[in-house]
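Fold and contact review
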Amino acid sequence: MTASSTGGTALISVYDKTNIEKLAQFIAARGFRIIATKNTCGLLQQAGVAAVEVSEYTGYPEMMDGRVKTLHPKIFAGILRNGDSHNSELDRFSIDAIDLVIVNLYPFQSFATTKAADGEVVEQIDIGGVSLLRAGAKNFQHVTVIPDVHEYEGLMQEMSNNQGATTLGYRRRLAAKTFATISSYDSCIHAWLNGAEAPDMPQEIIIRGRKIQDLRIGENPHQKAAVYSMYHDSSPMALPIEQMHGKELSFNNIVDIESAVAIVAEFDVPAVSVIKHGNPCGVAVSSADIDDAYEKAITCDPKSSFGGIIACNRQVTEEIAHKVADVFVEAVVAPGFAEDALKVLYAKKNLRVVRCTPYTASRLVFKSTLGSGLLMQERNCSAIGIDDLLKVTTKTASPMVLQDLLFAWRVCKHVKSNAIVMARDGRAIGVGAGQMSRVDSVELAIKKAQDCTGAVMASDAFFPFADSIHHAATAGISAIVQPGGSLRDKEVIEAANDSGIAMYFTGLRSFCH
Ligand SMILES: NC(=O)c1ncn([C@@H]2O[C@H](COP(=O)(O)O)[C@@H](O)[C@H]2O)c1NC=O
(Lines give C-alpha, C1' and ligand atoms only; values in the text may rest on other atoms or scores of the structure.)
Protein backbone atom coordinates (compact mmCIF):
# COMPACT_ATOMS: atom_id res chain seq x y z
CA MET A 1 0.00 0.00 0.00
CA THR A 2 2.51 2.58 -1.19
CA ALA A 3 1.71 6.23 -1.77
CA SER A 4 0.96 5.60 -5.43
CA SER A 5 -1.06 2.38 -5.27
CA THR A 6 -4.79 2.05 -4.62
CA GLY A 7 -6.95 -0.97 -3.84
CA GLY A 8 -5.64 -4.19 -2.38
CA THR A 9 -6.86 -6.46 0.40
CA ALA A 10 -7.97 -5.45 3.88
CA LEU A 11 -8.27 -7.79 6.84
CA ILE A 12 -10.83 -6.57 9.36
CA SER A 13 -11.34 -8.23 12.75
CA VAL A 14 -12.74 -5.96 15.42
CA TYR A 15 -14.24 -6.59 18.85
CA ASP A 16 -15.42 -2.99 19.21
CA LYS A 17 -17.46 -2.54 16.06
CA THR A 18 -18.06 1.20 16.47
CA ASN A 19 -17.93 2.97 13.08
CA ILE A 20 -16.51 -0.07 11.30
CA GLU A 21 -19.23 -0.03 8.63
CA LYS A 22 -18.35 3.56 7.72
CA LEU A 23 -14.65 2.76 7.43
CA ALA A 24 -15.31 -0.44 5.49
CA GLN A 25 -17.55 1.43 3.05
CA PHE A 26 -14.80 4.00 2.60
CA ILE A 27 -12.08 1.46 1.80
CA ALA A 28 -14.36 -0.72 -0.33
CA ALA A 29 -15.16 2.36 -2.40
CA ARG A 30 -11.41 2.70 -3.02
CA GLY A 31 -11.17 -0.74 -4.53
CA PHE A 32 -10.25 -2.82 -1.48
CA ARG A 33 -11.34 -6.42 -1.13
CA ILE A 34 -12.35 -7.10 2.47
CA ILE A 35 -11.71 -10.30 4.41
CA ALA A 36 -13.23 -10.32 7.90
CA THR A 37 -13.80 -12.55 10.91
CA LYS A 38 -17.27 -14.00 11.40
CA ASN A 39 -19.17 -11.36 13.40
CA THR A 40 -17.35 -8.47 11.80
CA CYS A 41 -18.09 -9.94 8.37
CA GLY A 42 -21.77 -10.45 9.20
CA LEU A 43 -22.10 -6.84 10.29
CA LEU A 44 -20.39 -5.51 7.17
CA GLN A 45 -22.53 -7.65 4.89
CA GLN A 46 -25.66 -6.42 6.67
CA ALA A 47 -24.47 -2.88 6.02
CA GLY A 48 -24.16 -3.73 2.33
CA VAL A 49 -20.38 -3.89 2.25
CA ALA A 50 -18.93 -6.77 0.21
CA ALA A 51 -16.82 -8.91 2.54
CA VAL A 52 -15.52 -12.48 2.56
CA GLU A 53 -15.39 -14.46 5.78
CA VAL A 54 -11.89 -15.55 6.90
CA SER A 55 -13.01 -19.19 7.10
CA GLU A 56 -14.24 -19.08 3.50
CA TYR A 57 -10.93 -17.58 2.39
CA THR A 58 -8.70 -20.03 4.32
CA GLY A 59 -10.91 -23.07 3.84
CA TYR A 60 -10.81 -23.72 7.59
CA PRO A 61 -13.67 -23.00 9.97
CA GLU A 62 -13.24 -21.08 13.20
CA MET A 63 -12.14 -23.61 15.80
CA MET A 64 -11.91 -24.18 19.55
CA ASP A 65 -14.75 -21.79 20.39
CA GLY A 66 -13.05 -18.96 18.53
CA ARG A 67 -9.59 -19.56 19.98
CA VAL A 68 -8.48 -20.14 16.39
CA LYS A 69 -10.03 -17.83 13.80
CA THR A 70 -7.35 -16.07 11.79
CA LEU A 71 -4.31 -18.14 12.80
CA HIS A 72 -3.65 -19.52 9.32
CA PRO A 73 -0.69 -19.25 6.88
CA LYS A 74 -2.95 -17.77 4.21
CA ILE A 75 -3.60 -14.83 6.53
CA PHE A 76 -0.15 -14.44 8.06
CA ALA A 77 1.86 -15.00 4.88
CA GLY A 78 -0.43 -12.44 3.24
CA ILE A 79 0.47 -9.88 5.91
CA LEU A 80 4.15 -10.77 6.34
CA ARG A 81 5.17 -10.99 2.67
CA ASN A 82 8.16 -8.80 2.16
CA GLY A 83 7.70 -7.09 -1.20
CA ASP A 84 8.51 -8.67 -4.55
CA SER A 85 10.84 -11.36 -3.21
CA HIS A 86 7.90 -13.23 -1.66
CA ASN A 87 5.48 -12.87 -4.54
CA SER A 88 6.27 -16.24 -6.08
CA GLU A 89 5.46 -17.98 -2.79
CA LEU A 90 2.20 -16.06 -2.51
CA ASP A 91 1.33 -17.18 -6.07
CA ARG A 92 2.35 -20.76 -5.40
CA PHE A 93 -0.09 -21.08 -2.46
CA SER A 94 -2.79 -18.78 -3.86
CA ILE A 95 -2.35 -16.26 -1.07
CA ASP A 96 -3.50 -12.65 -1.37
CA ALA A 97 -1.14 -9.96 -0.16
CA ILE A 98 -2.87 -8.12 2.69
CA ASP A 99 -2.27 -4.38 2.69
CA LEU A 100 -4.48 -3.12 5.46
CA VAL A 101 -5.01 -4.72 8.90
CA ILE A 102 -7.81 -3.26 11.01
CA VAL A 103 -8.08 -4.98 14.39
CA ASN A 104 -9.11 -4.19 17.91
CA LEU A 105 -8.72 -6.64 20.72
CA TYR A 106 -10.90 -8.51 23.20
CA PRO A 107 -11.47 -6.25 26.23
CA PHE A 108 -9.24 -8.22 28.59
CA GLN A 109 -8.76 -5.25 30.89
CA SER A 110 -12.43 -4.70 31.66
CA PHE A 111 -12.93 -8.40 32.42
CA ALA A 112 -9.84 -8.62 34.62
CA THR A 113 -11.09 -5.82 36.84
CA THR A 114 -14.46 -7.49 37.42
CA LYS A 115 -15.04 -10.47 39.63
CA ALA A 116 -15.24 -12.77 36.59
CA ALA A 117 -13.99 -16.33 37.08
CA ASP A 118 -10.45 -17.07 35.92
CA GLY A 119 -11.71 -19.14 32.99
CA GLU A 120 -13.79 -16.28 31.66
CA VAL A 121 -10.92 -13.81 32.01
CA VAL A 122 -8.52 -16.20 30.25
CA GLU A 123 -10.88 -16.40 27.26
CA GLN A 124 -10.48 -12.63 26.94
CA ILE A 125 -6.75 -12.99 26.26
CA ASP A 126 -6.71 -12.17 22.58
CA ILE A 127 -4.23 -14.25 20.61
CA GLY A 128 -5.16 -13.98 16.95
CA GLY A 129 -5.86 -10.24 17.08
CA VAL A 130 -2.53 -9.50 18.77
CA SER A 131 -0.75 -11.68 16.19
CA LEU A 132 -2.43 -9.86 13.32
CA LEU A 133 -1.49 -6.48 14.77
CA ARG A 134 2.07 -7.61 15.46
CA ALA A 135 2.53 -8.99 11.96
CA GLY A 136 1.03 -5.90 10.32
CA ALA A 137 3.16 -3.55 12.44
CA LYS A 138 6.34 -5.52 11.72
CA ASN A 139 5.67 -5.20 8.02
CA PHE A 140 4.94 -1.45 8.14
CA GLN A 141 7.02 -0.99 4.99
CA HIS A 142 4.11 -2.59 3.08
CA VAL A 143 1.17 -2.83 5.45
CA THR A 144 -1.00 -0.24 7.20
CA VAL A 145 -2.16 -1.35 10.63
CA ILE A 146 -5.02 0.26 12.55
CA PRO A 147 -5.10 -0.89 16.21
CA ASP A 148 -8.08 1.09 17.53
CA VAL A 149 -11.28 2.86 16.57
CA HIS A 150 -9.82 6.31 17.24
CA GLU A 151 -7.61 5.97 14.16
CA TYR A 152 -10.41 5.53 11.61
CA GLU A 153 -10.87 9.22 10.83
CA GLY A 154 -7.11 9.64 10.50
CA LEU A 155 -6.88 6.70 8.09
CA MET A 156 -9.65 8.09 5.88
CA GLN A 157 -7.93 11.47 5.86
CA GLU A 158 -4.57 9.90 5.03
CA MET A 159 -6.05 7.86 2.18
CA SER A 160 -7.95 10.85 0.85
CA ASN A 161 -4.74 12.85 0.82
CA ASN A 162 -2.80 10.11 -0.98
CA GLN A 163 -5.07 8.85 -3.75
CA GLY A 164 -6.34 5.92 -1.68
CA ALA A 165 -2.91 4.91 -0.34
CA THR A 166 -0.89 5.67 2.77
CA THR A 167 2.59 7.09 3.24
CA LEU A 168 5.48 5.27 4.86
CA GLY A 169 5.65 7.88 7.65
CA TYR A 170 2.01 7.28 8.50
CA ARG A 171 2.42 3.48 8.49
CA ARG A 172 5.47 3.73 10.72
CA ARG A 173 3.63 5.94 13.25
CA LEU A 174 0.69 3.53 13.35
CA ALA A 175 3.11 0.58 13.73
CA ALA A 176 4.65 2.30 16.76
CA LYS A 177 1.21 2.90 18.23
CA THR A 178 0.33 -0.73 17.58
CA PHE A 179 3.32 -2.03 19.53
CA ALA A 180 2.46 0.34 22.40
CA THR A 181 -1.10 -1.01 22.34
CA ILE A 182 0.09 -4.61 22.38
CA SER A 183 2.63 -4.09 25.13
CA SER A 184 0.06 -2.28 27.26
CA TYR A 185 -2.38 -5.13 26.66
CA ASP A 186 0.23 -7.73 27.58
CA SER A 187 1.23 -5.92 30.73
CA CYS A 188 -2.41 -6.02 31.88
CA ILE A 189 -2.27 -9.78 31.50
CA HIS A 190 1.05 -9.89 33.36
CA ALA A 191 -0.43 -7.85 36.23
CA TRP A 192 -3.57 -9.99 36.38
CA LEU A 193 -1.58 -13.22 36.46
CA ASN A 194 0.68 -11.87 39.22
CA GLY A 195 -2.30 -10.53 41.17
CA ALA A 196 -1.80 -10.24 44.89
CA GLU A 197 1.11 -12.67 44.60
CA ALA A 198 3.29 -9.98 43.00
CA PRO A 199 6.55 -9.87 44.94
CA ASP A 200 7.25 -6.59 46.75
CA MET A 201 10.35 -5.72 44.73
CA PRO A 202 10.08 -7.94 41.64
CA GLN A 203 12.96 -8.83 39.35
CA GLU A 204 11.21 -7.26 36.37
CA ILE A 205 8.82 -4.34 36.41
CA ILE A 206 6.58 -2.98 33.71
CA ILE A 207 5.57 0.62 34.12
CA ARG A 208 2.76 1.80 31.91
CA GLY A 209 0.95 5.03 31.88
CA ARG A 210 -1.61 6.91 29.89
CA LYS A 211 -1.28 10.67 29.55
CA ILE A 212 -4.02 12.48 31.38
CA GLN A 213 -2.92 15.96 30.47
CA ASP A 214 0.02 18.17 29.65
CA LEU A 215 0.86 20.44 32.53
CA ARG A 216 1.24 24.19 32.26
CA ILE A 217 4.93 24.01 33.18
CA GLY A 218 7.33 21.62 34.84
CA GLU A 219 9.15 22.35 38.07
CA ASN A 220 10.43 25.48 36.24
CA PRO A 221 8.95 27.29 33.24
CA HIS A 222 11.61 25.93 30.86
CA GLN A 223 10.76 22.30 31.76
CA LYS A 224 7.93 20.53 29.92
CA ALA A 225 5.71 18.28 32.01
CA ALA A 226 2.67 16.05 31.81
CA VAL A 227 0.76 13.87 34.21
CA TYR A 228 0.13 10.21 33.49
CA SER A 229 -2.21 7.71 34.97
CA MET A 230 -0.26 4.61 35.84
CA TYR A 231 -1.53 1.08 35.75
CA HIS A 232 -0.77 -0.81 38.90
CA ASP A 233 -3.06 -3.71 38.35
CA SER A 234 -4.84 -4.23 35.12
CA SER A 235 -6.55 -0.86 35.03
CA PRO A 236 -5.24 2.70 34.95
CA MET A 237 -5.52 4.57 38.23
CA ALA A 238 -7.28 7.82 37.60
CA LEU A 239 -5.91 10.79 39.53
CA PRO A 240 -8.28 11.22 42.45
CA ILE A 241 -8.69 14.93 41.76
CA GLU A 242 -10.91 17.01 39.52
CA GLN A 243 -10.09 20.61 38.70
CA MET A 244 -13.30 22.59 38.78
CA HIS A 245 -11.99 26.10 38.20
CA GLY A 246 -8.90 28.22 37.73
CA LYS A 247 -5.59 28.32 35.95
CA GLU A 248 -4.13 25.13 34.53
CA LEU A 249 -2.28 22.92 37.00
CA SER A 250 1.50 22.85 36.99
CA PHE A 251 3.91 20.11 38.05
CA ASN A 252 4.54 21.81 41.41
CA ASN A 253 0.80 22.27 41.98
CA ILE A 254 0.25 18.52 41.72
CA VAL A 255 3.21 17.73 43.99
CA ASP A 256 1.89 20.20 46.57
CA ILE A 257 -1.70 19.02 46.23
CA GLU A 258 -0.52 15.51 46.99
CA SER A 259 1.30 16.67 50.15
CA ALA A 260 -1.64 18.77 51.25
CA VAL A 261 -4.17 16.01 50.77
CA ALA A 262 -1.92 13.33 52.30
CA ILE A 263 -1.58 15.35 55.52
CA VAL A 264 -5.29 15.94 56.08
CA ALA A 265 -5.93 12.27 55.28
CA GLU A 266 -3.95 11.45 58.44
CA PHE A 267 -6.87 12.65 60.55
CA ASP A 268 -10.47 11.52 61.05
CA VAL A 269 -11.47 14.81 62.64
CA PRO A 270 -11.78 18.01 60.54
CA ALA A 271 -8.29 18.99 59.37
CA VAL A 272 -6.73 21.67 57.18
CA SER A 273 -3.22 21.87 55.76
CA VAL A 274 -1.41 24.67 53.96
CA ILE A 275 1.50 23.58 51.77
CA LYS A 276 4.27 25.62 50.27
CA HIS A 277 7.02 24.05 48.16
CA GLY A 278 6.19 20.58 49.41
CA ASN A 279 6.25 21.46 53.11
CA PRO A 280 3.41 22.35 55.46
CA CYS A 281 3.37 25.90 56.78
CA GLY A 282 0.03 25.38 58.50
CA VAL A 283 -1.77 22.30 59.76
CA ALA A 284 -4.56 22.03 62.28
CA VAL A 285 -7.31 19.71 63.44
CA SER A 286 -10.46 20.66 65.27
CA SER A 287 -12.92 18.80 67.43
CA ALA A 288 -15.47 21.47 66.48
CA ASP A 289 -15.62 21.93 62.69
CA ILE A 290 -13.66 22.61 59.52
CA ASP A 291 -14.05 26.41 59.91
CA ASP A 292 -12.21 26.19 63.21
CA ALA A 293 -9.50 23.94 61.73
CA TYR A 294 -9.05 26.42 58.86
CA GLU A 295 -8.62 29.37 61.19
CA LYS A 296 -6.07 27.48 63.30
CA ALA A 297 -4.11 26.28 60.24
CA ILE A 298 -3.91 29.56 58.35
CA THR A 299 -2.67 31.48 61.39
CA CYS A 300 0.29 29.10 61.88
CA ASP A 301 2.55 30.96 59.45
CA PRO A 302 0.49 33.45 57.41
CA LYS A 303 3.56 34.93 55.74
CA SER A 304 4.61 31.54 54.29
CA SER A 305 1.01 30.62 53.39
CA PHE A 306 1.10 33.31 50.68
CA GLY A 307 0.91 31.44 47.36
CA GLY A 308 0.38 28.11 49.09
CA ILE A 309 -2.04 25.26 48.53
CA ILE A 310 -4.81 24.60 51.03
CA ALA A 311 -6.43 21.21 51.61
CA CYS A 312 -9.45 20.46 53.79
CA ASN A 313 -10.73 16.99 54.63
CA ARG A 314 -14.30 18.27 54.85
CA GLN A 315 -16.55 20.30 52.55
CA VAL A 316 -15.37 23.89 52.12
CA THR A 317 -17.91 26.25 53.67
CA GLU A 318 -18.84 29.73 52.51
CA GLU A 319 -16.99 31.10 55.55
CA ILE A 320 -13.76 29.37 54.49
CA ALA A 321 -14.27 30.45 50.87
CA HIS A 322 -14.39 34.11 51.90
CA LYS A 323 -11.21 33.70 53.90
CA VAL A 324 -9.47 31.90 51.02
CA ALA A 325 -10.56 34.65 48.64
CA ASP A 326 -9.00 37.26 50.93
CA VAL A 327 -5.50 35.78 50.70
CA PHE A 328 -3.41 34.75 47.71
CA VAL A 329 -3.28 30.97 47.38
CA GLU A 330 -2.60 28.83 44.31
CA ALA A 331 -5.24 26.20 44.97
CA VAL A 332 -7.86 24.98 47.38
CA VAL A 333 -8.52 21.24 47.51
CA ALA A 334 -11.37 19.48 49.30
CA PRO A 335 -13.74 16.53 48.95
CA GLY A 336 -16.55 19.03 48.31
CA PHE A 337 -17.59 22.66 48.24
CA ALA A 338 -20.81 24.28 49.42
CA GLU A 339 -22.73 25.96 46.56
CA ASP A 340 -22.21 29.39 48.12
CA ALA A 341 -18.53 28.65 48.64
CA LEU A 342 -18.12 27.93 44.93
CA LYS A 343 -19.70 31.26 43.99
CA VAL A 344 -17.10 33.04 46.12
CA LEU A 345 -14.17 30.95 44.88
CA TYR A 346 -15.17 31.16 41.21
CA ALA A 347 -14.97 34.94 41.45
CA LYS A 348 -11.19 34.51 41.74
CA LYS A 349 -10.20 33.93 38.11
CA ASN A 350 -6.92 32.12 38.62
CA LEU A 351 -7.60 30.28 41.86
CA ARG A 352 -7.52 26.54 41.22
CA VAL A 353 -10.50 24.87 42.83
CA VAL A 354 -9.93 21.15 43.02
CA ARG A 355 -12.24 18.44 44.24
CA CYS A 356 -10.50 15.34 45.56
CA THR A 357 -11.94 11.95 46.28
CA PRO A 358 -10.67 10.25 49.45
CA TYR A 359 -6.89 10.19 49.40
CA THR A 360 -5.38 7.21 47.65
CA ALA A 361 -1.88 6.81 46.33
CA SER A 362 -0.01 3.95 44.76
CA ARG A 363 1.65 1.59 47.20
CA LEU A 364 4.93 2.18 45.41
CA VAL A 365 6.90 5.38 44.88
CA PHE A 366 9.21 5.85 41.86
CA LYS A 367 11.96 8.30 41.09
CA SER A 368 14.28 8.29 38.11
CA THR A 369 17.93 8.40 39.08
CA LEU A 370 21.49 8.22 37.71
CA GLY A 371 21.75 7.11 34.10
CA SER A 372 18.70 5.04 33.29
CA GLY A 373 18.21 4.10 36.94
CA LEU A 374 14.84 4.03 38.60
CA LEU A 375 14.42 4.04 42.36
CA MET A 376 11.39 2.25 43.70
CA GLN A 377 10.24 1.95 47.28
CA GLU A 378 7.10 1.31 49.28
CA ARG A 379 5.25 4.42 50.33
CA ASN A 380 5.67 5.45 53.97
CA CYS A 381 2.25 4.31 55.14
CA SER A 382 3.29 3.97 58.77
CA ALA A 383 0.66 4.89 61.33
CA ILE A 384 1.67 5.41 64.94
CA GLY A 385 -0.95 5.22 67.70
CA ILE A 386 -0.81 6.03 71.41
CA ASP A 387 0.02 2.40 72.22
CA ASP A 388 3.09 2.54 69.96
CA LEU A 389 4.66 5.36 71.97
CA LEU A 390 7.36 4.26 74.40
CA LYS A 391 7.94 6.58 77.35
CA VAL A 392 11.66 6.93 78.01
CA THR A 393 11.70 9.77 80.57
CA THR A 394 10.53 9.93 84.16
CA LYS A 395 7.90 12.47 83.23
CA THR A 396 4.67 11.22 81.66
CA ALA A 397 2.68 13.33 79.20
CA SER A 398 -0.97 14.06 80.03
CA PRO A 399 -3.59 12.57 77.66
CA MET A 400 -4.01 16.00 76.01
CA VAL A 401 -0.27 16.33 75.46
CA LEU A 402 -0.13 12.78 74.11
CA GLN A 403 -2.73 13.77 71.51
CA ASP A 404 -0.55 16.73 70.53
CA LEU A 405 2.49 14.45 70.27
CA LEU A 406 0.62 12.15 67.90
CA PHE A 407 -0.61 15.12 65.89
CA ALA A 408 2.91 16.55 65.61
CA TRP A 409 4.33 13.14 64.61
CA ARG A 410 1.74 12.71 61.86
CA VAL A 411 2.51 16.14 60.46
CA CYS A 412 6.25 15.55 60.77
CA LYS A 413 5.94 12.49 58.52
CA HIS A 414 5.14 14.89 55.64
CA VAL A 415 7.89 17.44 56.28
CA LYS A 416 11.14 17.25 54.30
CA SER A 417 14.05 16.05 56.43
CA ASN A 418 15.50 17.16 58.73
CA ALA A 419 11.99 17.71 60.02
CA ILE A 420 10.91 19.29 63.29
CA VAL A 421 7.31 20.19 64.14
CA MET A 422 6.20 22.20 67.16
CA ALA A 423 2.50 21.82 67.97
CA ARG A 424 -0.03 22.85 70.56
CA ASP A 425 -3.77 22.21 70.89
CA GLY A 426 -4.04 20.33 67.60
CA ARG A 427 -2.19 22.95 65.62
CA ALA A 428 1.30 23.15 64.13
CA ILE A 429 2.84 26.34 65.47
CA GLY A 430 6.33 26.04 64.02
CA VAL A 431 7.87 23.87 61.31
CA GLY A 432 11.59 23.41 60.67
CA ALA A 433 12.06 21.73 57.30
CA GLY A 434 14.79 20.68 54.91
CA GLN A 435 17.76 21.70 57.05
CA MET A 436 20.99 19.76 56.77
CA SER A 437 21.43 19.81 60.55
CA ARG A 438 18.72 18.73 62.97
CA VAL A 439 19.54 21.39 65.51
CA ASP A 440 19.08 24.04 62.79
CA SER A 441 15.60 22.64 62.12
CA VAL A 442 14.85 22.89 65.83
CA GLU A 443 16.01 26.50 65.93
CA LEU A 444 14.00 27.32 62.83
CA ALA A 445 10.83 25.74 64.23
CA ILE A 446 11.28 27.66 67.50
CA LYS A 447 11.76 30.91 65.58
CA LYS A 448 8.64 30.24 63.48
CA ALA A 449 6.56 29.36 66.54
CA GLN A 450 7.65 32.48 68.43
CA ASP A 451 6.17 31.09 71.65
CA CYS A 452 6.60 27.39 72.38
CA THR A 453 5.37 27.47 75.97
CA GLY A 454 3.64 24.18 76.72
CA ALA A 455 4.00 23.01 73.12
CA VAL A 456 5.26 19.60 71.98
CA MET A 457 8.01 18.80 69.48
CA ALA A 458 8.24 15.97 66.94
CA SER A 459 11.40 14.95 65.12
CA ASP A 460 11.44 12.67 62.06
CA ALA A 461 14.68 10.98 63.16
CA PHE A 462 16.67 10.57 66.36
CA PHE A 463 18.61 13.41 67.95
CA PRO A 464 22.32 12.78 67.43
CA PHE A 465 23.19 15.16 70.27
CA ALA A 466 21.45 16.64 73.29
CA ASP A 467 21.79 20.22 71.97
CA SER A 468 18.33 20.16 70.33
CA ILE A 469 16.76 19.17 73.65
CA HIS A 470 18.46 22.09 75.41
CA HIS A 471 17.09 24.50 72.80
CA ALA A 472 13.61 22.98 73.06
CA ALA A 473 13.69 23.20 76.87
CA THR A 474 14.74 26.85 76.79
CA ALA A 475 11.87 27.58 74.37
CA GLY A 476 9.33 25.96 76.72
CA ILE A 477 8.65 22.62 75.00
CA SER A 478 6.88 20.23 77.39
CA ALA A 479 7.09 16.91 75.51
CA ILE A 480 8.99 15.36 72.63
CA VAL A 481 8.29 12.48 70.26
CA GLN A 482 11.09 11.00 68.17
CA PRO A 483 12.15 7.58 66.83
CA GLY A 484 15.08 7.05 69.24
CA GLY A 485 18.02 4.89 68.25
CA SER A 486 20.90 7.37 68.55
CA LEU A 487 24.25 6.33 70.03
CA ARG A 488 23.66 9.20 72.45
CA ASP A 489 20.04 8.35 73.36
CA LYS A 490 21.14 8.18 76.99
CA GLU A 491 22.44 11.78 76.93
CA VAL A 492 19.34 12.93 75.06
CA ILE A 493 16.98 11.29 77.59
CA GLU A 494 19.01 12.73 80.47
CA ALA A 495 18.71 16.21 78.96
CA ALA A 496 14.92 15.76 78.75
CA ASN A 497 14.77 14.50 82.36
CA ASP A 498 16.89 17.44 83.56
CA SER A 499 14.44 19.85 81.91
CA GLY A 500 11.27 18.09 83.04
CA ILE A 501 10.35 17.18 79.48
CA ALA A 502 8.35 14.01 78.73
CA MET A 503 9.93 12.08 75.87
CA TYR A 504 8.45 9.22 73.81
CA PHE A 505 10.08 6.98 71.22
CA THR A 506 8.19 5.72 68.18
CA GLY A 507 10.88 3.19 67.20
CA LEU A 508 10.23 4.23 63.60
CA ARG A 509 12.12 6.76 61.50
CA SER A 510 10.12 8.92 59.14
CA PHE A 511 12.56 10.60 56.75
CA CYS A 512 10.99 12.39 53.81
CA HIS A 513 13.37 13.35 51.00
N1 LIG B 1 -8.07 -16.56 17.67
C2 LIG B 1 -7.98 -15.90 16.55
O3 LIG B 1 -7.47 -16.43 15.60
C4 LIG B 1 -8.48 -14.52 16.45
N5 LIG B 1 -8.34 -13.76 15.36
C6 LIG B 1 -8.92 -12.58 15.60
N7 LIG B 1 -9.44 -12.59 16.85
C8 LIG B 1 -10.20 -11.52 17.49
O9 LIG B 1 -11.57 -11.72 17.15
C10 LIG B 1 -12.25 -10.48 17.29
C11 LIG B 1 -13.25 -10.31 16.17
O12 LIG B 1 -14.04 -11.45 15.99
P13 LIG B 1 -15.50 -11.30 15.36
O14 LIG B 1 -15.38 -10.56 14.09
O15 LIG B 1 -16.01 -12.67 15.15
O16 LIG B 1 -16.32 -10.53 16.38
C17 LIG B 1 -11.20 -9.40 17.29
O18 LIG B 1 -11.24 -8.76 18.55
C19 LIG B 1 -9.89 -10.13 17.07
O20 LIG B 1 -8.85 -9.54 17.84
C21 LIG B 1 -9.18 -13.78 17.40
N22 LIG B 1 -9.56 -14.14 18.64
C23 LIG B 1 -8.73 -14.33 19.70
O24 LIG B 1 -7.61 -14.58 19.75
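Residues numbered from 1 in each chain as written. Predicted model: local features only at pLDDT ≥ 70, side-chain atom pairs only at ≥ 80, totals over all residues.

An unreviewed UniProt entry lists the chain under the name Bifunctional purine biosynthesis protein PurH, from Anaplasma ovis str. Haibei. UniProt annotates the chain under Sequence similarities (unreviewed entry) with the comment "Belongs to the PurH family." (UniProt positions renumbered as here; feature names shortened; annotations may be inferred.)

Bringing the site of the ligand into the picture now. Close to the ligand lie 21 residues; Tyr15, Asn39, Thr40, Gly128 and Gly129 are nearest. Those elements that place two or more of their residues in the shell around the ligand are strand S1 (8-14), helix H2 (38-46), strand S4 (100-104) and helix H8 (128-138). Take the shell around the ligand: its biggest share by element is three residues, from H2. Looking at side-chain class alone, the shell around the ligand contains eight nonpolar, nine polar and four charged residues. (Near = placed C-beta within 6 Å. Helix = DSSP H or I, 4+ residues; strand = E, 2+ residues; numbered from the N terminus. Nonpolar A, V, L, I, M, F, W, Y, C, P; charged D, E, K, R; others polar.)

This part takes up the nonpolar core. The biggest cluster of nonpolar side chains holds 86 residues, and the ones touching the most others in it are Val272, Ile310, Val332, Val333, Ala408, Val421 and Val456. The biggest single contributor to this core is helix H16 (residues 399-412), with seven residues. Ignoring anything within four residues of it in the chain, the contact list for Val332 reads Ile310, Val316, Val324, Leu345, Leu351 and Val353. Counting residues in each nonpolar core, the second largest holds 42 residues, with Ile34, Ala51, Val101 and Ala112 among its members. (Core = buried A, V, L, I, M, F, W, Y, C linked by C-beta atoms within 7 Å. Buried ≥ 20, exposed ≤ 12 C-beta atoms within 10 Å, placed from the backbone. Contact = placed C-beta atoms within 7 Å.)

Time to look at the sheet that holds strand S21 (residues 502-505). Spatially, S16-S21-S20-S19-S17-S18 is the arrangement adopted by the six strands of the open sheet, whose pairing is mixed. The sheet is open, and its two edges are formed by strand S16 (390-391) and strand S18 (428-432), each paired on a single side. In this sheet, S21 lies alongside S16 in antiparallel orientation, the contact comprising two bridges. What sits directly across from Leu390, in S21, is Phe505. Seen against the sheet, H16 touches strand S17 (420-423), S18, strand S19 (456-459), strand S20 (479-482) and S21 and runs at an angle of roughly 35 degrees to S19. Its contacts with the sheet put helix H17 (residues 438-449) on S17, S18 and S19, and the angle it makes with S18 is roughly 145 degrees. (Pairing = 2+ DSSP bridges. Axes fitted to C-alpha atoms, helices over the stretch in contact; angles between N-to-C directions.)

Right, let's talk about unusual backbone geometry for a bit. Omega for the bond connecting Ser417 with Asn418 falls within 30 degrees of zero, at -10 degrees, which places this linkage in the cis form. Mapped onto the secondary structure, Asn418 falls in the loop between H16 and S17. Of note in this structure, Met64 is not a glycine but carries a positive phi near 50 degrees. Tracing the chain through its elements places Met64 in the loop between helix H3 (54-58) and helix H4 (73-80). Even without a glycine there, the phi angle at Gln450 is positive, about 70 degrees. Here Gln450 shows up in the loop between H17 and S19.

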